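Spelled out from the first residue to the last, the chains are:
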Amino acid sequence: MSELKKTPLHALHLELGAKMVPFAGYDMPVQYDLGVMKEHQHTREKAGLFDVSHMGQVIVQGASYEAAALGLERLIPADILGLTENRQRYGFFTNESGGIEDDLMFANRGDHIFVVVNAACKEADIAHLKAALESVLSVTEITDRALIALQGPASEHVLASFDDRAADMRFMDVATLDLNGTEAWVSRSGYTGEDGYEISLPQDAVEGFARALLAHDGVEAIGLGARDSLRLEAGLCLYGQDMDGELNPVEASLSWAIQKVRRTGGARAGGFPGADVILPALERGPHRHRVGLLPEGRAPMRQGVPLFEAEEGGSQIGFVTSGGFGPTIGAPVAMGIVADSLHIPGTRLYGELRGKRLPLTVAKMPFTPANFKR
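Just so we're clear, the structure is a prediction, and the values are computed from it rather than from any experiment.

A. Region of the structure containing helix H3 (residues 65-72). What H3 keeps buried is the set Tyr65, Ala68, Ala69, Gly71 and Leu72. End-on view of H3: buried residues confined to an arc of 165°, all on one side of the axis. As for H3, its buried residues are in contact with strand S4 (56-61), strand S6 (100-108), strand S7 (113-117) and helix H4 (122-133).

B. Just the layout of surface pockets, in detail. Of the volumes computed, that of the second largest pocket is approximately 180 Å³. Considering the residues around the second largest pocket, the lining is formed by 16 residues, among which Tyr26, Ser53, Lys122, Thr143 and Gln203 are closest to the centre. Going through the elements one at a time, S4 and strand S9 (145-151) are the ones with two or more residues in the lining of the second largest pocket. Per-class residue counts for the lining of the second largest pocket are 5 nonpolar, 6 polar and 5 charged.

C. Layout of the sheet that holds strand S19 (residues 356-363). The strand order around the closed barrel built from 6 strands is S14-S17-S16-S15-S18-S19, with neighbouring strands paired in antiparallel fashion. Taken pair by pair, the neighbouring strands of this sheet meet at an average axis angle of 45°, ignoring direction. When strand S16 (residues 316-326) meets strand S17 (residues 331-339), the two strands line up antiparallel, connected through 8 bridges. Looking at the pairing, glycine 323 lines up with alanine 334 of S17.

D. Structural detail: the pairing of S4. Counting buried positions over the 6 residues of S4 gives 5, a clear majority of the element. Where S4 meets S7, 5 bridges bridge the pair, whose relative direction is antiparallel. The residue bridging valine 60 from the neighbouring strand is isoleucine 113, located in S7. Across 4 bridges, S4 lies against strand S8 (residues 138-141) in antiparallel orientation. By the bridge assignment for S8, glutamine 61 is matched with serine 138.

Rules behind the numbers
The residue count restarts for each chain, going from 1 along the sequence in the order it is written. Thresholds applied to this predicted model are a pLDDT of at least 70 for local features of residues and 80 or more for the giving and counting of side-chain atom pairs; totals over whole chains, interfaces and linings are not thresholded and use all residues. Excluding hydrogens and water, the side-chain figures rest on all heavy atoms present in the structure. Residue exposure (1.4 Å probe, protein chains only): buried if accessible area is under 20% of the type maximum, exposed if over 50%, otherwise partly exposed. Secondary structure elements are defined from DSSP: runs of H or I of at least 4 residues count as helices, runs of E of at least 2 residues count as strands, and each element is numbered from the N terminus. The arc under discussion is defined with respect to the helix axis, by the directions toward the C-beta atoms. Any two residues having at least one pair of non-hydrogen atoms within 4.5 Å are treated as being in contact. Computed over the protein atoms alone on a 1 Å grid, cavities are sets of points where a 1.4 Å probe fits but cannot get out and pockets are open sets with protein on both sides within 12 Å along at least five of seven lines; a residue lines them when it has an atom within 4 Å of a point. Grid points are joined across faces, edges and corners, and a volume is the space filled by probe spheres set on the points. Three classes are used: nonpolar for Ala, Val, Leu, Ile, Met, Phe, Trp, Tyr, Cys and Pro, charged for Asp, Glu, Lys and Arg, and polar for all others, with Gly counted as polar. Strands pair, by our definition, only if DSSP identifies at least two bridges between them. All axes here are fitted lines through C-alpha atoms, helices being fitted over the stretch that makes contact, and every angle between N-to-C directions spans 0 to 180 degrees.

The quantities given are spatial measurements derived from coordinates; they are silent on function.
If you want it as structure tokens, here you go:
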């Protein structure tokens, strides 16, 4: 078994008393002394600092932004060409059968596109980009920069104390800021449903800046455990659970990420892998849906729990993709895939736990309101 990789903040995690676990090939903090529940609540109420340096950072560049955007649109069913400079957008790689190979964020930085991909798929994603685009575009993995996230309602006040331009940013804006004397690439975004920022900065500067952030009374270090419960309450997908290569974007309830210009009748319709599957699905609707689920009682229903329409008998009609306890709402929450006829909020279903079927209800997402700064 290969040795786990370490992020530039690994020593700081140990100093802070983190419980470390293997994740996507890295030794990562799952929680600190506060514990998952309090870390979750602290992020919702103040500000949490997350180490996300295990994720991939990539620059795609061509003779012009237009050239880079049109090249990347061959792989991603999103309007990349129409993205305004210094703005960011969510997207995903698709395969020939219409499934999702990974989701990602991309930003228009004027003369290049900055792409952030998931840690578990990082090597495959970068190889995919290089194989498809390197004959006409430059694809460069950034290996000398770390990535951290500051999330929660106090994030603006904290980050603006280093560079007051942070307060002028809106959700999905990107900017280059001076943070603690270091040039940082900053987006106002995150994976918690809260206001916040994702911050790329040189590896040799990240520990000093992380310590400066943690010196603020409202900032605590937050691990993977709370990161998962926060994103679940926010109704945000985790690749490999809530979407994968077998599920198309329409089934995954991600149609909103495919802009009109890339759909049937749009100026740049299709031209991406699986377009012959995805475009018709956008027109007719999916055969199955990703939905929110609220189990009754206190027992969480986690990934893989089979779903049924009736308390007894009948065939399986879906399965839970992600689930756990939602500290903000004080009850279990989950997401799952169900047949088309059963996706309406309020529909009563049953999840089978240890041979017993327990009730749950299809619910609207997010489970807790998003607090993005529009």
